[in-house]
Amino acid sequence: MALVPSIGFAEVGSITELDGNPAAAQRSNEELIFEQTGFGVEMLDKLITAKTNLEITFEDDSKVRITEQSELVIDDFVYDPNTGKGSMNMRVALGTVQMASGRLAKTSRDRVSIRT
């Protein structure tokens, strides 16, 4: 029997608004269903909304709104609260996403990316 190491990430933000039906996050090979605020979001999570609008608040106070029928993948989020520097890379796989930048975009604007 071989052991395969699993990569675990710390939370980089949380769901701060949720309006509608439960939403899902694909994390590794699991699908996690959540129906209330407070769900912790990690790097490499794929957030999926069906009949839901939600908002994620990241550690730097960036806010990302995801509308119904959307998918967002958090490829990378690194933030040092002492310096305010880091990076954020996300990918919109489907649907509509809006972002209000937080402290990270003020100090590392060139390292913030949302791809469609």
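Anything mentioned here points back to the structure above.
Residues numbered from 1 in each chain as written. Predicted model: local features only at pLDDT ≥ 70, side-chain atom pairs only at ≥ 80, totals over all residues. Heavy atoms only, no water.

Visitor: Can you help me understand the pattern of salt bridges in this one?
Guide: A side chain of one charge can pair with a side chain of the opposite charge if their charged atoms are brought near each other. Considering all chains together, one arrives at 8 salt bridges under this definition. R27 is the salt-bridge partner of D45, the closest N and O atoms lying 2.8 Å from each other. Linking D45 in the loop between β4 (40-42) and β5 (46-48) with R27 in strand β2 (residues 23-27), this pair joins segments that are 18 residues apart in sequence. The same class applies to D45 as to R27, namely buried. The salt bridge involving D61 is made with R103; its shortest N-O contact spans 2.7 Å. One end of the pair, D61, is in the loop between β6 (52-58) and β7 (63-66); the other, R103, is in helix α1 (residues 103-107), with 42 residues separating them in the sequence. (Salt bridge = Lys/Arg side-chain N within 4 Å of Asp/Glu carboxyl O. Helix = DSSP H or I, 4+ residues; strand = E, 2+ residues; numbered from the N terminus. Buried < 20%, exposed > 50% of the residue type's maximum accessible area, 1.4 Å probe, protein only.)

Visitor: What is the right way to read the sheet that holds strand β3 (residues 30-34) from this model?
Guide: Picture the strands of a sheet paired through backbone hydrogen bonds; they go either parallel or antiparallel. Reading across from one edge, β3-β2-β5-β8-β9-β11 is the order of the 6 strands in this open sheet, with mixed pairing throughout. Two strands bound the open sheet, and with one partner strand each, they are β3 and β11 (112-115). The sheet shows a mean angle of 20° between the axes of neighbouring strands, taken without regard to direction. Pairing of strand β8 (residues 71-80) with strand β9 (residues 85-94) involves 9 bridges; the strand directions are antiparallel. By the bridge assignment, F77 is partnered in β9 with M88. (Pairing = 2+ DSSP bridges. Axes fitted to C-alpha atoms, helices over the stretch in contact; angles between N-to-C directions.)

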